[in-house]
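The residues making up each chain are set out below.
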Amino acid sequence: MKIWVNGGLRDAEEARVSVLDHGLTVGDGVFETVKAVRGETFALTLHLERLTRSARGLGLPDPDLDEVRRACSAVLEANPMELGRLRITYTGGLSPLGSERGDEGASLVVGLGESGRRPDSTAVVTVPWTRNERGALTGLKTTSYAENVVALARAREQGASEALFANTVGQLCEGTGSNVFVVIDGRIHTPPVSSGCLAGITRALTVEWTGAVEADLPLDVLESAQEIFLTSTLRDVQAVHRVDDRELSPGPVTAKAMRIFGEHAAANTDPHAR
């Protein structure tokens, strides 16, 4: 396995950043996960645009996107696989042991891990913790992910693959690594970014391609929605067959959304590229 670390490819055993890197010590970093099928990325341009937005939101310098693209190409070429999870991590770099950043510059790491095909449907649970729709990190894809680790562990304990959060005012928000859509009276709805959810790349494309409506939704909509599905980089569109103790049958609206997304994604692997 070859990993890109700060300017070049390294063997996995030698791919290292400092233990004083701000991404490790205080979670001062941003990242993107990009789907790669037989070495070809999906929606890389949109992911890199969000990487830049997240970096700016943290006050990090803009990443050199030409270098990031070179790193992605090098890693994909060095690690051929059928389906991969390309991980781009960009951090505050070598810094003091505290919240203040150092002046050594940012760190860039790009790696690739093998991924399996996701099932067509999955189970989810709700968790008692909330997303803060007014927090400093709201809407940024940062490496401060421990909250998601805890919630996902709760989901796994209950036989589910994802945990869903409400925000601080009781509205449906998002999953640990996915966005959520519900079908009400035959129409697809999803929480707006103002709810505190991440502006998911797959979410945005699903809204665009299916005509889904963004709307504030109470958490208990999960108890009455006719259909529910998730979107994320590696899930694409995935039906939900259970929420907590409620069983659902994946329905025709979700099936159509899955088909539409698949057709559009196959036709254009880098949507909105300029």
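So, how was this worked out
- Residues numbered from 1 in each chain as written.
- Predicted model: local features only at pLDDT ≥ 70, side-chain atom pairs only at ≥ 80, totals over all residues.
- Heavy atoms only, no water.
- Helix = DSSP H or I, 4+ residues; strand = E, 2+ residues; numbered from the N terminus.
- Rg over C-alpha atoms; globule rule 2.2 N^0.38 Å.
- Buried < 20%, exposed > 50% of the residue type's maximum accessible area, 1.4 Å probe, protein only.
- Contact = heavy atoms within 4.5 Å.
- Areas by Shrake-Rupley, 256 points an atom, 1.4 Å probe, with all protein chains shown as cover.
- 1 Å grid on protein atoms, 1.4 Å probe; cavity = no way out; pocket = protein on both sides within 12 Å on 5 of 7 lines; lining within 4 Å.
- Points joined across faces, edges and corners; volume = space filled by probe spheres on them.
- Nonpolar A, V, L, I, M, F, W, Y, C, P; charged D, E, K, R; others polar.
- Pairing = 2+ DSSP bridges.
- Axes fitted to C-alpha atoms, helices over the stretch in contact; angles between N-to-C directions.
- Patch = residues over 30% accessible without salt bridge, like charges linked within 9 Å, V, L, I, M, F, W, Y side chains within 5 Å.
- Salt bridge = Lys/Arg side-chain N within 4 Å of Asp/Glu carboxyl O.
- Parallel < 35°, antiparallel > 145°, perpendicular 65-115°, else oblique.
- Left-handed = near helix turned anticlockwise from the far one by under 90°.
- Right-handed = clockwise from strand over helix to strand, strands pointing away.

K.L.:
Which parts of the structure should I look at to understand the overall build of the chain?
P.N.:
Of regular secondary structure, the chain possesses six helices and 15 strands. Expected size for 274 residues packed as a compact globule is a radius of gyration near 19 Å; at 19 Å, the chain falls within 12% of this value. Along the longest, intermediate and shortest principal axes, the C-alpha atoms of the chain span 55 × 40 × 35 Å. Taking all 274 residues of the chain together, 49% fall into the buried category. Looking at the chain alone, contacts between residues at least 24 apart form 69% of all its contacts between residues at least 6 apart. Accessible surface, the chain as shown: approximately 12,800 Å² in total, 50% of it carbon and sulfur.

K.L.:
Explanation requested: empty space enclosed by the protein in the structure shown.
P.N.:
Rolling a probe over the atoms, with the probe sized like a water molecule, indicates the empty space that remains. Across all of its chains, the model carries one cavity of 30 Å³ or more by this definition. Lining the largest cavity are Ala-36, Gly-39, Leu-76, Asn-79, Pro-80, Met-81 and Leu-112. Of the residues assigned to the lining of the largest cavity, the class counts are five nonpolar, two polar and no charged.

K.L.:
Would you mind showing me how to read the side chain of His-22 here?
P.N.:
Relative to the assigned elements, His-22 resides in helix H1 (residues 22-25). The residues contacting His-22, other than those within four sequence positions of it, are Gly-27, Asp-28, Gly-92, Gly-93, Ser-95, Pro-96, Gly-98, Ser-99, Glu-100 and Arg-101.

K.L.:
Help me understand the sheet that holds strand E4 (residues 40-41), please; the structure alone is not making it clear to me.
P.N.:
Each strand in a sheet pairs with its neighbour through backbone hydrogen bonds, running either in the same direction (parallel) or in the opposite one (antiparallel). If you trace the six strands from one edge of the open sheet to the other, you get E2-E1-E6-E5-E3-E4, paired in antiparallel fashion. Each edge of the open sheet is held by one strand with a lone partner, namely strand E2 (8-11) and E4. In the packing of helix H2 (residues 44-58) onto the sheet, contacts are made with strand E3 (29-37), E4 and strand E5 (83-91), and the angle to E3 comes to roughly 175°.

K.L.:
When you look at a nonpolar patch on the surface in this model, what are you seeing that I'm missing?
P.N.:
Residues Val-19, Leu-20, Leu-24, Leu-94 and Leu-97 make up a contiguous nonpolar surface patch of about 510 Å² in total accessible area. Tracing the backbone shows Leu-20 in the loop between E2 and H1. A relative accessible area of 33% places Leu-20 in the partly exposed class.

K.L.:
What's the story with the packing of H2 against helix H3 (residues 65-78) in this structure? I'm lost.
P.N.:
To describe two helices that pack against each other, one gives the angle between their axes and the distance between the axes. Orientation of H2 relative to H3, taken along the N-to-C sense of each, is 130°, at an axis distance of 11 Å. Relative to H3, the element H2 lies oblique. Remark: the crossing between H2 and H3 carries right-handed chirality. Residue-level contacts link Leu-44, Thr-45, Leu-48 and Thr-52 of H2 to Leu-65, Val-68, Arg-69 and Cys-72 of H3.

K.L.:
Explain the environment of Ala-15 to me, please; I cannot follow it from the model alone.
P.N.:
Structurally, Ala-15 can be placed in the loop between E2 and H1. On the basis of relative accessibility, which here comes to 23%, the residue Ala-15 falls in the partly exposed class. Each C-alpha atom, one on Ala-15 and one on Val-109, is 8.9 Å from the other, the two residues being 94 residues apart in sequence. Those residues within four positions of Ala-15 in sequence are excluded, and the remaining contacts are Ile-3, Val-5 and Arg-10.

K.L.:
Any chance you could explain the layout of surface pockets here in plain terms?
P.N.:
When its volume is computed, the largest pocket comes out at roughly 1,200 Å³. Taken together, 49 residues line the largest pocket, and the ones lying closest to its centre are Lys-141, Tyr-145, Thr-176, Gly-177 and Ser-178. For the lining of the largest pocket, the elements supplying multiple residues, two or more each, are E3, E5, strand E7 (121-131), helix H4 (146-157), strand E9 (172-175), helix H5 (201-210) and strand E13 (227-232). For the lining of the largest pocket, the leading source of residues is H4, giving five residues.

K.L.:
What am I meant to see in the pairing of strand E8 (residues 162-167) here?
P.N.:
Along any regular strand the residues' side chains alternate between the sheet's two faces. A large share of E8 lies buried, amounting to six of its six residues. Residue alternation in E8 divides its side chains into two sets, Glu-162, Leu-164 and Ala-166 and Ala-163, Phe-165 and Asn-167, and both sets are buried. Bridge analysis of E7 against E8 gives five bridges, and the strand direction is parallel. When the bridges of E8 are listed, Thr-126 appears paired with Leu-164. Remark: the E7/H4/E8 crossover connection has right-handed handedness.

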